[in-house]
Each structure stands twice: as C-alpha cells, then as structure tokens.
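# Understanding the architecture of this molecule
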Amino acid sequence: QSFQDSQGLMWFLTQEGLHRFDGYTVTRYTANEEDAGSITHNNVRQILEDKLGTIWIATTGGGLISYNPKTRSYSKLTEDPQGNSLLSENISAIFEDDAGLIWIGYLEGKVSYYDPLEKTLHHIQKLNHSEDHYGAILDFAQHSYRNIWIATREGGLLSYQRFQNKLHHYRESADDSYRIHSNNLSSIAADRINKQLWIGTESDGLVRLDIESGERRQFGLNEGLSDTSINDIYFDHNMRLWLATDK
C-alpha cells in the first residue's frame, strides 16, 4: 500500500518495514527492540491518517501502531483505562468512520474499534462470539452514520449497526436481498452519492450492490476487467473508481 498524508508525505508499506518519502529522501522505519519509539513489527499491512492527524499502522504480528507527527515517534496500542486490549497482534484491516472511531479487523475474523478521544477500546461481541466462520477481516466501508460494512475472506459480507448492536451476515448461500455470488471477498468501497457498495472478490470479479433495493450487478472479464481477482478498491476525490488486480 502507498499513502499520502495531509502534510504531503508519501508512505510505502512493505514486509520489510515502513518507508516515508518527503520529496527528497526516503526514510526507512524498522522494528527495533532497543528503541521504544520504533515500529513494533516490520510486516506492515495498512495505514491511515485520522481526523486528529494521527497516523495508524496495522501490522501482522505487532498489533496496531500510532505515529505522532509532532514528536515523530511511534507507540503501540496496548491496554485502555478499562484494561481492554487488542484481541490479537495480527491486524488485517483498519478504517476510520464518520465519528472518528478506528475500526480494527483481525486475521482471526474478529472486530474491535478504538475511540481516540476517549482512549477506549471496544470489542464487537456479537460478531466475535458468533458460531459462523468469517476468515480474515479484510476491509471496512461506511455508507451512513449508523452502518459499517465488513468484507471477509471466507464469510461473505457483514453489516454492523453500532448503536443498535445489530449484526447482519450476507452469505453466498443466503436467501436475502443482499446475497452476492461469493463468500471470498477482498475489499469494499462505498459510493454515498448513489447509495451503492462496490465489492471486490478474490476470484469472482467485482460486484456493485444497490443498498436500498438490493439490486446487484457482477463485473468480470466480459465487462472489461483485466482480471477477476480484485485486491483493492478505491474512490479518488473525483469519485472515480480505481481497482487493483492480479493482472
């Protein structure tokens, strides 16, 4: 993943650490047990900048890291004041919602969220204690203030309403309006203007889902895709949809 923060700095994520480019030089950040201000693990997966200017970095094996641009230091999210801690060190997805909450997805198929203002960590018990198997949590999206959509590697599409604590699970085999033709999802993005979800699958192309009607359209090779393995979906500032595929 590559990412540009609000200061114009470019960040590049690799399995060998984190790299930052300021327009002139590249600075590499790697894990160093002797330096408490370093990143905790070299295998970094995702990065985002929240509304407060803090940069969050998800790692596989090192948990969730925050970077303070003012002090130029890293710190690991550990216990909150109530004693809650991350459910795993293997973070597979992070996302900031409209309320400024940081949603955390785990390789083990669980979900938490962190409130940076209150400095509290919350676990989605209804999802985490479910008997259903979801596989890794790979992406989040939000189309309204109340609803968070979740793409899973093996369990299809989930939606969670935080205020009502309601979880809906949309599987390939389910008989409901939001059923899509694959349980193996990779990414998801929300088009709030047209009230649509764009869902990437690991091998079945791209799905456009109308949130209000449930109408679905599948996009594959015949519709112009170069490959049916969708790795990432992104809307730019002009609401153009960008896809990353294997080819």
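Our subject in this report is the structure included herewith.

### Overview of the packing of aromatic side chains
Tallied over the full model, the rule gives eleven aromatic pairs. Aromatic pair Trp11 and Tyr29: ring centres 6.2 Å apart, planes at 20 degrees, arrangement stacked. Note that Trp11 is positioned in strand β2 (residues 10–14) and Tyr29 in strand β4 (residues 26–29), a separation of 18 residues in sequence. When its relative accessible area of 0% is taken as the criterion, Trp11 is described as buried. Under the relative-accessibility criterion, Tyr29 is labelled buried at 17%. Aromatic side chains Trp103 and Tyr113 sit 5.0 Å apart centroid to centroid with 40 degrees between the ring planes, which places their arrangement in the tilted category. You can see Trp103 sitting in strand β10 (residues 102–106) and its partner Tyr113 sitting in strand β11 (residues 111–115), a full ten residues away along the chain. Judged by relative accessible area, Tyr113 falls into the buried class, the value being 11%. A connected cluster of aromatic rings, assembled from ring pairs, spans Phe95, Trp103, Tyr113, Phe140 and Tyr160. Arg162 extends its terminal NZ or CZ atom over the ring of Tyr113, reaching a point 5.5 Å from the ring centre. One Lys or Arg, Arg162, reaches over the ring of Phe163 and ends 4.6 Å from the middle of that ring.

### Topic: the sheet that holds strand β12 (residues 120–123)
Here we have four strands laid out as an open sheet, ordered β9-β10-β11-β12, and antiparallel in their pairing. Edge positions in the sheet fall to β9 (91–96) and β12, since each has one partner strand and no second. Averaged over all pairs of adjacent strands, the angle between their axes in this sheet comes to 20 degrees, without regard to strand direction. Two elements, β11 and β12, share four bridges in a ladder whose sense is antiparallel. Each bridged residue has a counterpart across the sheet, and for Asp115 the counterpart in β12 is Thr120.

Quick notes on the rules
Residues numbered from 1 in each chain as written. Predicted model: local features only at pLDDT ≥ 70, side-chain atom pairs only at ≥ 80, totals over all residues. Heavy atoms only, no water. Phe/Tyr/Trp six-rings, centres within 6.5 Å; stacked < 30°, edge-to-face > 60°. Helix = DSSP H or I, 4+ residues; strand = E, 2+ residues; numbered from the N terminus. Buried < 20%, exposed > 50% of the residue type's maximum accessible area, 1.4 Å probe, protein only. Lys NZ or Arg CZ within 6 Å of the ring centre and 35° of its normal. Pairing = 2+ DSSP bridges. Axes fitted to C-alpha atoms, helices over the stretch in contact; angles between N-to-C directions.

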